[in-house]
Amino acid sequence: GQAYENVSDYSLAFNNYEKALRLFQSIDAIDGESVSTFKIAKTYHLRKDYDQALKYYERCLKLSRAARKARTEVNALIEIAKIYALQGRHDLAAKQYRVVEKFYESIRDQRGRAVALNSYGDFLFRQKQTQPALDAYRRALPLSEKVGDKGILITTLYNLARANLALGRPEVALRFIKRSLHIIEDLHVNVASPEFH
């Protein structure tokens, strides 16, 4: 299913995810059932059938909670927020993004919180709520710095730069861009293989 999803053949992906779901159901493997249900929901989502996607994401939430699959649960919460945003249900989307951040906070996952805050900031930025977006990105920065994931830190710096630029603060934006470029250049220099340069 994943292979077909990767090449955008959603019909075959869907068929394989459904077969996996039936197999997991036949052996009462709730954890596998929750993941397969998530994948079916994601396929509906990719096909832009948002009502069916929401139905399966909600089912996935119940299964993942029963199986204690926290990662699957939070992934479903994130996808639900994205669908709400696509449907123009902005209050529900904002609420969902806050639930996701609180979830990561409750399990002390700083990396997850940083990603969630960046996603929430992106959502706010698209809604032309630039100052609240900037606030979300600012909250993500110390978390991004702590987790040691350069990709998340670079993303956060970029987001801070574009929000500041949109608010008419080009000098502040430039500081974040320069910091981001410095990290990227360090990564470049420290790559062992010349092919990767």
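Provided above is the structure to which this section pertains.
Read on for a plain summary of the structure.

### Let's talk about the pattern of salt bridges
All chains considered together, the criterion is met by twelve salt bridges. Put simply, Lys 42 and Glu 79 hold a salt bridge, and the shortest N to O gap is 3.3 Å. Here Lys 42 is found in helix α3 (residues 30-46), whereas its partner Glu 79 is found in helix α5 (residues 70-86), with 37 residues between them in sequence. A salt bridge links Asp 122 to Arg 162, with the nearest nitrogen and oxygen atoms 2.5 Å apart. Within this pair, whereas Asp 122 is found in helix α7 (residues 110-126), its partner Arg 162 is found in helix α9 (residues 150-166), the two being separated by 40 residues in sequence. Looking at Arg 162, the relative accessible area reads 22%, which means it is partly exposed. Overlapping salt bridges bring together Lys 42, Glu 79 and Lys 82 as one network.

### Notes on helix α8 (residues 130-147)
Helix length check: α8, at 18 residues, gives a terminal C-alpha distance of 25 Å against a target of 26 Å (1.5 Å per residue), a fit within 8%. Within α8, the axis deviates most sharply at Leu 141, by approximately 25°, and proline Pro 142 lies no more than four positions further along. Of all the residues in α8, the buried ones are Thr 130, Ala 133, Leu 134, Ala 136, Tyr 137, Ala 140, Leu 141, Leu 143 and Ser 144. Buried residues belonging to α8 abut α7, α9 and α10 (170-189).

### Re the nonpolar core
Counting 50 residues, the largest nonpolar core has Ile 40, Tyr 57, Val 100, Tyr 104, Tyr 120, Phe 123 and Phe 176 as the members making the most contacts within it. Residue contributions to this core peak at nine residues, all from α5. In terms of nonpolar packing, the next biggest core, distinct from the first, is built from five residues, Ala 114, Leu 117, Leu 143 and Ile 152 among them.

### Notes on the packing of α9 against α10
It is at 7 Å that the axes of α9 and α10 come closest, and there the two elements cross at 160°. In this view, α9 runs roughly antiparallel relative to α10, as classed from their interaxial angle. Between α9 and α10 lies a crossing whose hand is left-handed. Residues Lys 150, Leu 153, Ile 154, Leu 157, Leu 160, Ala 161, Asn 164 and Leu 165 of α9 touch α10, and the partners they reach there are Pro 170, Val 172, Ala 173, Phe 176, Ile 177, Arg 179, Ser 180, Ile 183, Ile 184 and Leu 187. For the contact of α9 with α10, the per-class residue count stands at 14 nonpolar, two polar and two charged.

### Quick look at the packing of aromatic side chains
Evaluated as defined, the whole model comprises seven aromatic pairs. Look at Phe 103 and Tyr 104: their rings are 5.9 Å apart centre to centre, the planes differ by 75°, and that puts the pair in the edge-to-face class. Residue Phe 103 is classed as buried on the basis of its relative accessible area of 15%. Relative accessible area serves as the criterion here: at 8%, Tyr 104 is assigned to the buried category. Aromatic ring contacts, followed pair by pair, group Phe 14, Tyr 44 and Tyr 56 into a single cluster. Its end group placed over the ring of Phe 14, Arg 47 keeps NZ or CZ at 5.3 Å from the ring centre. Sitting above the plane of the Phe 125 ring, Arg 162 keeps its charged end 4.4 Å from the centroid.

### Overview of unusual backbone geometry
The phi torsion at Ser 8 lies on the positive side, around 60°, for a residue other than glycine. In this structure, Ser 8 sits in the loop between α1 (2-6) and α2 (10-26). A positive phi angle, close to 65°, is found at Lys 128, a residue other than glycine. Here Lys 128 is to be found in the loop between α7 and α8.

Parameters and conventions
Residues numbered from 1 in each chain as written. Predicted model: local features only at pLDDT ≥ 70, side-chain atom pairs only at ≥ 80, totals over all residues. Heavy atoms only, no water. Salt bridge = Lys/Arg side-chain N within 4 Å of Asp/Glu carboxyl O. Helix = DSSP H or I, 4+ residues; strand = E, 2+ residues; numbered from the N terminus. Buried < 20%, exposed > 50% of the residue type's maximum accessible area, 1.4 Å probe, protein only. Expected span 1.5 Å × (residues − 1). Bend = angle between axes of the 7 residues up to and from the residue. Contact = heavy atoms within 4.5 Å. Core = buried A, V, L, I, M, F, W, Y, C linked by side-chain atoms within 4.5 Å. Axes fitted to C-alpha atoms, helices over the stretch in contact; angles between N-to-C directions. Parallel < 35°, antiparallel > 145°, perpendicular 65-115°, else oblique. Left-handed = near helix turned anticlockwise from the far one by under 90°. Nonpolar A, V, L, I, M, F, W, Y, C, P; charged D, E, K, R; others polar. Phe/Tyr/Trp six-rings, centres within 6.5 Å; stacked < 30°, edge-to-face > 60°. Lys NZ or Arg CZ within 6 Å of the ring centre and 35° of its normal.

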